[in-house]
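# Analysis of the macromolecular model
Now for the letters of each chain:
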Amino acid sequence: NELFEVLREEDAIQARLSLLLGDDLGQRYTVPSDGVAIPEARIPDDLQGVFLQDSFKLRQAQISLQEAKLGKTLAILNYAPDFRLNARTMVGPTRPENNFAIGVELTLPLWFFVRQNSEVDTAAARKRETQFMVETTKRELLTQAFEIVSKLRTLQNLMKISKTTLIPQAESTFNASRAAY
């Protein structure tokens, strides 16, 4: 029964680690088991850097933030007046000799000022929202990473206890019962 519980917990940790690293959910991370000393937990010193640089969720959130920043910039550019440069001439055999016109137009959208303000305010609010979303995603990833690390350390300590106390005691009991038999 405990074996099934440990296997289920291992599968859950494997899936969570795959999700954090952005790997395929079918990816299996193996730890050698038979005849090998207890592996030391290789926990990187810069845990934040390792998990945050490879996270697919965080990359998606940062792309959304970049999109919101560009949206705000475009909304601000709506304030800029539109310029139009044009040149006209008549074409054909009967055109006058100096028939050439150059035009410059400048449009100032004065009556849409309220709409442009609301567009900029909406874009700024979207940008703030995505900044909070990026920060929340970072915190969620780090929480999950620290949870995995703490489980790893706990299981490592349990393995050390089993190796130093339980297994030698079971072996000595087995040897004593075999000698008595």
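Notes on the structure in this doc start here. For every chain, the first residue of the written sequence is number 1, and numbering continues from 1 onward in sequence order. Per-residue local features are limited, in this predicted model, to residues with pLDDT of at least 70; the limit for side-chain atom pairs, both in listing and counting, is 80 or more; totals at the level of whole chains, interfaces and linings are taken over all residues. Excluding hydrogens and water, the side-chain figures rest on all heavy atoms present in the structure.

## Quick look at the packing of helix H3 (residues 56-77) against helix H4 (residues 113-180)
Rules: Under this scheme, a helix contributes an axis fitted over its contacting stretch, all axes are lines through C-alpha atoms, and angles between N-to-C directions fall in the 0 to 180 degree range. Secondary structure elements are taken from DSSP: a helix is a run of H or I of four residues or more, a strand is a run of E of two residues or more, and numbering for both begins at the N terminus. Comment on the angle field: the value is read as roughly parallel under 35 degrees, roughly antiparallel over 145, roughly perpendicular from 65 to 115, and oblique elsewhere. By convention the crossing between two helices is left-handed if the near helix lies anticlockwise of the far one by an angle smaller than a right angle, and right-handed if it lies clockwise. Gly is placed with the polar residues, together with every amino acid not listed as nonpolar (Ala, Val, Leu, Ile, Met, Phe, Trp, Tyr, Cys and Pro) or charged (Asp, Glu, Lys and Arg).
At their nearest, the axes of H3 and H4 sit 8 Å apart, and the two run at 165° to each other. Taken together, the axis directions place H3 and H4 in an arrangement best described as roughly antiparallel. Seen from above, H3 lies across H4 with left-handed handedness. Residues that form the contact of H3 with H4 fall into these classes: twelve nonpolar, six polar and eight charged.

## Some words on the environment of Gln131
Note that Gln131 resides in helix H4. Counting along the chain gives 65 residues from Gln131 to Gln66, while the straight-line C-alpha distance between them is 9.5 Å.

## Regarding the pattern of salt bridges
Inclusion rule: Whenever Lys or Arg places a side-chain nitrogen within 4 Å of a carboxyl oxygen from Asp or Glu, that contact is recorded as a salt bridge. Each residue is placed in one exposure class: buried if its accessible area under a 1.4 Å probe, protein chains only, is under 20% of its type's maximum, exposed if it is over 50%, and partly exposed if it falls in between.
Taken as a whole and assessed by the stated rule, the structure comprises three salt bridges. Between Arg84 and Glu105 there is a salt bridge whose closest N-O contact spans 3.8 Å. Residue Arg84 is located in strand E1 (residues 82-89), and its partner Glu105 is located in strand E2 (residues 100-107); the two are separated by 21 residues in the primary sequence. Between Glu135 and Arg139 there is a salt bridge, with its nearest N and O atoms 3.4 Å apart. Highlighted residues: Glu135 and Arg139, both in helix H4, separated by four residues, approximately one helical turn. According to the relative accessible area criterion, Glu135 is partly exposed, its value standing at 35%.

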